Amino acid sequence: MSAAYALSDCWTMTRRELAHWARQPVAVLVGLVFPVMMLLMFGYLVGGGRAVEGEYVDFLVPGMLTLTMVFGLEGTMTAVTRDLEKGVVDRFRSMPMTDGAVLVGRATADMLQSAAGLLVMVGVGYAMGWSAQGGPAAFAGALGLLLLLRFAMLWIGIHLALVAGKPELVQAVQILVWPVGFLSNAFAAPESMPGWLGTVVEWNPMSATATAVRDLFGNPGGEPGWVTAAVLWPLALLAVFFPLAVRRFRRLGR
């Protein structure tokens with residue numbers, strides 16, 4: 001019964017977050033449109049693709065799908081800090097509710113929005129001429145890796161939001177996301193970069209996911225054997241930041 005109550009509490013908190021979508025449709029729309037604008041900008045205005053074999057759009061789209069899973073955390077971080085500032089979290093904590101249900105509900109709502117954004121980006125990619133060559137199972141596996149990366153990044157964002165505590169500090173914390181996103185192989189192959197920079201890029205967890213996804217999609221820039229790294233990196237991040245977030249949440253107000 002305790003597991004059933006926990007699931008019920010988490011679903012209640014998820015429905016609360018989904019109800020916010022109806023009240024703030026512009027924010028949801030911006031979250032879906034921004035990565036599309038990035039894809040179109042790099043595909044048609046900035047695209048170069050040095051050291052990329054084949055069509056650049058086939059290299060770019062998997063990278064942009066990966067970047068989309070890293071960006072856009074500010075919505076979740078702002079929602080968490082806003083609830084903290086208004087005392088909403090304190091009221092929830094005073095209720096007979098499973099510890100962490102507030103965070104799990106927020107994370108579930110974010111994952112639903114991320115999945116929708118991923119499908120939108122895939123559709124835009126196909127409209128630009130991109131195509132996946134790996135088959136249905138490989139396609140589903142690639143989407144699974146992307147969502148796993150998002151789940152890990154999400155808990156990093158939740159932990160940082162709990163540490164920040166105020167919506168005004170979210171922008172300062174969010175700046176940290178940009179180096180992670182751009183110091184990757186999303187837009188260019190590491191071979192085209194200076195040696196030290198290419199090494200940094202290859203060690204970026206996001207690069208592991210992008211390389212594995214390209215391989216599963218059958219696109220340029222993919223290398224066999226990177227699926228393991230694309231699974232282990234997010235799991236390692238989750239092993240660190242999920243308990244940190246839960247611990248921080250439990251210590252609120254002490």
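Bear in mind that the values here come from a model prediction, so they are computed numbers and not experimental data. (Residues numbered from 1 in each chain as written. Predicted model: local features only at pLDDT ≥ 70, side-chain atom pairs only at ≥ 80, totals over all residues. Heavy atoms only, no water.)

A.B. asks: Looking at this structure, I do not really get empty space enclosed by the protein. What am I missing?
C.D. replies: Counting across every chain of the model gives 1 cavity of 30 Å³ or more. If you add up the space inside the largest cavity, you get close to 60 Å³. In terms of lining, the largest cavity is formed by Glu-17, Ala-79, Val-80, Asp-83, Leu-84, Val-89, Val-102, Leu-103, Arg-106, Leu-162 and Phe-249. Listed by contribution, the elements that provide at least two residues to the lining of the largest cavity are α4 (74-86) and α6 (101-127). With 4 residues, α4 is the single largest residue contributor to the lining of the largest cavity. Residue composition of the lining of the largest cavity, by class: 8 nonpolar, no polar and 3 charged. (1 Å grid on protein atoms, 1.4 Å probe; cavity = no way out; pocket = protein on both sides within 12 Å on 5 of 7 lines; lining within 4 Å. Points joined across faces, edges and corners; volume = space filled by probe spheres on them. Helix = DSSP H or I, 4+ residues; strand = E, 2+ residues; numbered from the N terminus. Nonpolar A, V, L, I, M, F, W, Y, C, P; charged D, E, K, R; others polar.)

A.B. asks: Got a minute to help me understand the pattern of salt bridges in this structure?
C.D. replies: Note that side chains of opposite charge can pair when their charged atoms are close. Inspection of the entire model under this criterion finds 1 salt bridge. One salt bridge connects Asp-110 with Arg-150, and the closest N-O pair in it is separated by 3.1 Å. One end of the pair, Asp-110, is in helix α6; the other, Arg-150, is in helix α7 (residues 136-164), and 40 residues separate them in sequence. The exposure classification of Asp-110 matches that of Arg-150, with both residues buried. (Salt bridge = Lys/Arg side-chain N within 4 Å of Asp/Glu carboxyl O. Buried < 20%, exposed > 50% of the residue type's maximum accessible area, 1.4 Å probe, protein only.)

A.B. asks: In this structure, what is going on with the packing of aromatic side chains? I would like to understand it.
C.D. replies: Aromatic ring pairs are reported here in terms of the distance separating the ring centres and the angle at which the planes meet. In this structure the tally under the stated criterion is 6 aromatic pairs. For the pair Trp-130 and Phe-217, a centre-to-centre distance of 5.1 Å together with 80° between the ring planes defines the contact as edge-to-face. With a gap of 87 residues between them, Trp-130 in the loop between α6 and α7 and Phe-217 in helix α11 (residues 205-217) connect regions that are remote in the sequence. In this pair, the class of Trp-130 matches that of Phe-217, namely buried. (Phe/Tyr/Trp six-rings, centres within 6.5 Å; stacked < 30°, edge-to-face > 60°.)

A.B. asks: Before we go on, may I ask you to explain the UniProt feature "transmembrane region" (unreviewed entry) in the protein chain in this structure?
C.D. replies: Mapped onto the present numbering, the UniProt feature "transmembrane region" (unreviewed entry) falls on residues 26-47, 59-80, 101-126, 138-162 and 226-246. Along residues 59-80 the backbone is 86% helical and 0% strand, and the end-to-end C-alpha distance reaches 35 Å. Within the segment residues 226-246, helix and strand shares are 100% and 0% respectively, and the terminal C-alpha atoms sit 30 Å apart. (UniProt positions renumbered as here; feature names shortened; annotations may be inferred.)

A.B. asks: Is there a simple way to explain the packing of α7 against helix α12 (residues 226-250) in this structure?
C.D. replies: Axes are the key here: two packed helices are described by the angle between their axes and the distance separating the axes. Packing of α7 against α12 leaves a shortest axis separation of 8 Å and a crossing angle of 25°. Relative to α12, the element α7 is oriented roughly parallel. The two elements α7 and α12 cross, and the hand of that crossing is left-handed. Split by residue class, the contact of α7 with α12 holds 22 nonpolar, 1 polar and 1 charged. (Axes fitted to C-alpha atoms, helices over the stretch in contact; angles between N-to-C directions. Parallel < 35°, antiparallel > 145°, perpendicular 65-115°, else oblique. Left-handed = near helix turned anticlockwise from the far one by under 90°.)

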